[in-house]
Amino acid sequence: MNIGKYLDWQFRSTTWLTLVVALVCLACAFVLPDSYGLKNSPIENVQMLIVVIGLYVTCTARDRKCLYVFASLCLFFILAREVNYGRTLFIFADPEDAKSYPKWKDMEYGWLAHVGGGLYLAWMVVYFIWRKVWKEAWDVLQTIRIPASDVVLALGGMVVGVAFEAMHNCLSEELGEVVLYVGGVGILYLYTRNKLNKV
């Protein structure tokens with residue numbers, strides 16, 4: 001099996017955009033204060049804006065509706081996670097410690113957040129199976145070349161985010177996620193707008 005024929009290493013406008021964002025994020029990691037990596041920070045707000053743009057891209061896709069509805073469900077879950085299911089929007093952090101938010105178990109109805117998140121994930125699984133989303137996804141993989149350069153940049157952002165999360169470096173973690181989200185939305189744009197070459 002020739003894997004190479006499924007990969008497209010061409011640099012497109014989305015690739016260049018992700019690369020520029022990655023370089024800007026790299027510079028920001030050295031000059032921005034650590035507070036920019038906290039919840040409700042400007043960086044996290046930028047992440048949410050990027051995800052919202054991704055939702056627009058998937059919700060306005062003209063074909064493969066089930067696949068892109070599932071992508072929209074995934075993006076909405078990411079959006080919910082970014083605000084911790086609303087906890088960081090409606091509950092203020094301790095003024096003595098900006099990193100500190102009350103835990104769900106310490107809130108009167110906090111347990112509902114985990115129940116709601118679990119039900120939403122269960123619905124995603126049901127939708128994936130019920131609408132046979134895997135068939136559309138497999139068809140895309142078999143007929144449309146993968147934008148490899150964009151995927152590598154997006155995965156690079158993910159690796160950076162995970163690595164710095166493990167090191168408890170919130171600023172670099174959030175900047176890595178920005179690159180991941182920009183790359184991911186760029187990939188969705190290429191697929192939904194038929195900007196990729198056929199296999």
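A brief structural summary.

Conventions we followed
- Residues numbered from 1 in each chain as written.
- Predicted model: local features only at pLDDT ≥ 70, side-chain atom pairs only at ≥ 80, totals over all residues.
- Heavy atoms only, no water.
- Helix = DSSP H or I, 4+ residues; strand = E, 2+ residues; numbered from the N terminus.
- Contact = heavy atoms within 4.5 Å.
- Areas by Shrake-Rupley, 256 points an atom, 1.4 Å probe, with all protein chains shown as cover.
- Expected span 1.5 Å × (residues − 1).
- Buried < 20%, exposed > 50% of the residue type's maximum accessible area, 1.4 Å probe, protein only.
- Polar contact = N/O pair within 3.5 Å; in protein donor to acceptor, adjacent residues only side chain to side chain.

### Let's talk about the overall build of the protein
Phase 1: Across its full length, the protein carries eight helices and two strands.
Phase 2: Residue pairs at least 24 apart in sequence account for 75% of intrachain contacts in the protein once pairs closer than 6 positions are excluded.
Phase 3: Total accessible area on the protein stands at roughly 11900 Å², and carbon and sulfur atoms take up 69% of it.

### Considering helix 7 (residues 148-166)
Residues spaced three or four apart along an α-helix point in a common direction, a consequence of the helix completing one turn every 3.6 residues.
Phase 1: Over its 19 residues, helix 7 runs 27 Å from end to end, which matches the ideal 27 Å to within 8%, given 1.5 Å per residue.
Phase 2: Along helix 7, the residues that are buried comprise Ala 148, Ser 149, Asp 150, Leu 153, Ala 154, Gly 157 and Gly 161.
Phase 3: Against the buried residues of helix 7 lie strand 1 (7-8), helix 1 (13-31), strand 2 (146-147) and helix 8 (170-192).
Phase 4: Phi for His 168, located one or two positions after helix 7, is positive at around 60 degrees.

### Regarding the environment of Ser 72
Phase 1: Counting through the fold element by element, Ser 72 comes out in helix 3 (residues 65-82).
Phase 2: For the pair Ser 72 and Tyr 56, spaced 16 residues apart in sequence, the C-alpha separation works out to 8.6 Å.
Phase 3: A distance of 2.9 Å separates a polar atom in the side chain of Ser 72 from the backbone oxygen of Tyr 68.

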